[in-house]
Amino acid sequence: MDHRPTTPLPRLPPGLDSRSAAVLREIVEQYVETGEPVGSRTLSRLLPQKLSPATIRNVMADLTDAGLLFSPHTSAGRLPTERGLRLFVDGLLQFGELSEEERTNINLSLARSGRSLQDTLTQASSLLSGLSAAAGLVLAPKGDGPVRHIEFVPLSPGRALVVLVAADGQVENRIIETPPGLPPSALQQASNFLNAHLSGLTLTELRKRVNAELSADRSALDELTSAVIEAGLATWGNGDRLEGRGGSLILRGQGRLLEDIDQLEKLGAIQALFERLETEETLLRLLDLAEESDGVRIFIGAESGLFGTAGVSMIVAPARNTQDRIVGAIGVIGPTRINYGKIIPVVDYTARVIGRLLG
């Protein structure tokens, strides 16, 4: 479900009366704050309604029977289930807009003055991690915009670095194998040849033009230099982009997930989560999730289809450019006791800032 940061009117989820809703809300809020089970005596002191512990126990029993609460051990305390958290997020959560000061701080933190786009996106991921006490993620799809510059840099015998600078300032580096005995002058010649053919072309257009010239032997390049050019362009081949929709995922604050390991079952599940985040399939699914939503989306547990890990929530929003086209996704991944009310407006606003930066 999409969530836009506005203060909602009080409403009750289907199947809950005001008393049950108040108890569920308080249990979730205490869970978010402490991670500990909440008992009836504690609730009788916290609830605005004057209810006896016995009445609260009956309400908690009904909520447990409905699959919204569970008891982690033999104590009388209760914690919300993932279903209970979903009901809370959809019907009981209250959140508001960021203050002007908070907006200003985010804008200043992400100001691009003197920084590359990659550095700014990394800063955005770190910013989200710091503000949410969770892992921050920024997904910037690899577009096929005009290329400004390509450079071949020698590293060691048999290896060279290919540096591609896009027109929007984004820089990508790849390492290629070079033919034995390749003189340094061949790398410079390869750079000169490609840059002479750029003329505002996209990488796809450049690849087609250069391949046509090399195939027709119209380039006046020797065999070794031609091999370097082909190897360099191949590092950004279509397979890497997966039909042009590949992306670059920047994840910061992964250690935050390990801090709450008792609530996240086993270390192995978290390690599997990290590995899953590195796959191309996950990047594409993140883009799909962003494209399917108008605002912030909240996924609890396995709801996103990305992770089978219980105890993990993801809050993600699309980053839209000035033409309202989705150019990435912004979000956080954390334990289910993440502070939803605080983080949703942060993710929403940061996604809008990053959308403008991505053009």
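Presented here is an overview of the structure given in this document. (Residues numbered from 1 in each chain as written. Predicted model: local features only at pLDDT ≥ 70, side-chain atom pairs only at ≥ 80, totals over all residues. Heavy atoms only, no water.)

1. With respect to the nonpolar core
Inference 1: Judged by nonpolar contacts, the single largest core of 58 residues is most densely connected at I315 and Y340.
Inference 2: Counting residues per element, this core draws most heavily on helix α14 (residues 340-357), at 9 residues.
Inference 3: Excluding residues within four positions of it along the chain, I315 makes contact with V296, R297, I298, I330, G331, V332, I338, Y340, I343, I344 and V347.
Inference 4: Grouped together as the second largest cluster of nonpolar side chains are 23 residues, I176, L182, L201 and L206 included. (Core = buried A, V, L, I, M, F, W, Y, C linked by side-chain atoms within 4.5 Å. Buried < 20%, exposed > 50% of the residue type's maximum accessible area, 1.4 Å probe, protein only. Helix = DSSP H or I, 4+ residues; strand = E, 2+ residues; numbered from the N terminus. Contact = heavy atoms within 4.5 Å.)

2. Some thoughts on the sheet that holds strand β6 (residues 159-166)
Inference 1: Spatially, 3 strands are ordered β5-β6-β7 in an open sheet, and the strand pairing comes out antiparallel. Two strands lie at the open edges of the sheet, namely β5 (147-156) and β7 (171-177), each paired on one side alone. With direction set aside, neighbouring strand axes in the sheet form an average angle of 20 degrees.
Inference 2: In this sheet, β7 lies alongside β6 in antiparallel orientation, the contact comprising 7 bridges. The residue bridging L161 from the neighbouring strand is I175, located in β7.
Inference 3: Sheet strands in contact with helix α7 (residues 184-197) are β5 and β6, and its direction is about 170 degrees off that of β5.
Inference 4: Helix α9 (residues 223-234) contacts β5, β6 and β7 of the sheet and is inclined by roughly 130 degrees relative to β7. (Pairing = 2+ DSSP bridges. Axes fitted to C-alpha atoms, helices over the stretch in contact; angles between N-to-C directions.)

3. Some words on the pattern of salt bridges
Inference 1: Following the criterion strictly, the structure yields 4 salt bridges and no others.
Inference 2: With a closest N to O distance of 2.9 Å, R103 and E97 form a salt bridge.
Inference 3: For R103, a relative accessible area of 18% puts it in the buried group.
Inference 4: The exposure class assigned to E97 is partly exposed, which follows from its relative accessible area of 47%.
Inference 5: The residue R320 makes a salt bridge to D324 at a minimum N-O spacing of 3.9 Å. (Salt bridge = Lys/Arg side-chain N within 4 Å of Asp/Glu carboxyl O.)

4. Focus: the pairing of strand β10 (residues 312-320)
Inference 1: For β10, the buried fraction is high: 8 of the 9 residues fall into the buried class.
Inference 2: In the sheet, strand β9 (residues 296-300) pairs with β10 via 4 bridges, with the strands oriented antiparallel. Note that in β10 the partner of F299 across the bridge is M314.
Inference 3: One ladder, built from 9 bridges, connects β10 with strand β11 (residues 326-335); its direction is antiparallel. For S313, the partnering residue across the bridge sits in β11 and is G334.
Inference 4: If you look at the hairpin formed by β10 and β11, you'll find 5 residues sitting between the two strands, and D324 has a positive phi there, around 65 degrees.

5. Topic: helix α1 (residues 18-34)
Inference 1: Given a rise of 1.5 Å per residue, 17 residues ought to cover 24 Å, and the 24 Å separating the end C-alpha atoms of α1 matches this to within 8%.
Inference 2: Buried within α1 we find S20, A21, A22, V23, L24, E26, I27, V28, Q30, Y31 and V32.
Inference 3: Looking at the packing, one finds that the buried side of α1 touches α2 (40-46), α3 (53-65), β2 (69-70), β3 (79-80) and α4 (82-91).
Inference 4: Residue G35 follows α1 closely and has a positive phi angle near 80 degrees. (Expected span 1.5 Å × (residues − 1).)

6. Focus on the environment of R256
Inference 1: Turning to its location among the elements, R256 is positioned in helix α11 (residues 255-259).
Inference 2: Judged by its relative accessible area of 28%, R256 is partly exposed.
Inference 3: Ignoring anything within four residues of it in the chain, the contact list for R256 reads S129, G130, A133, A134 and A135.

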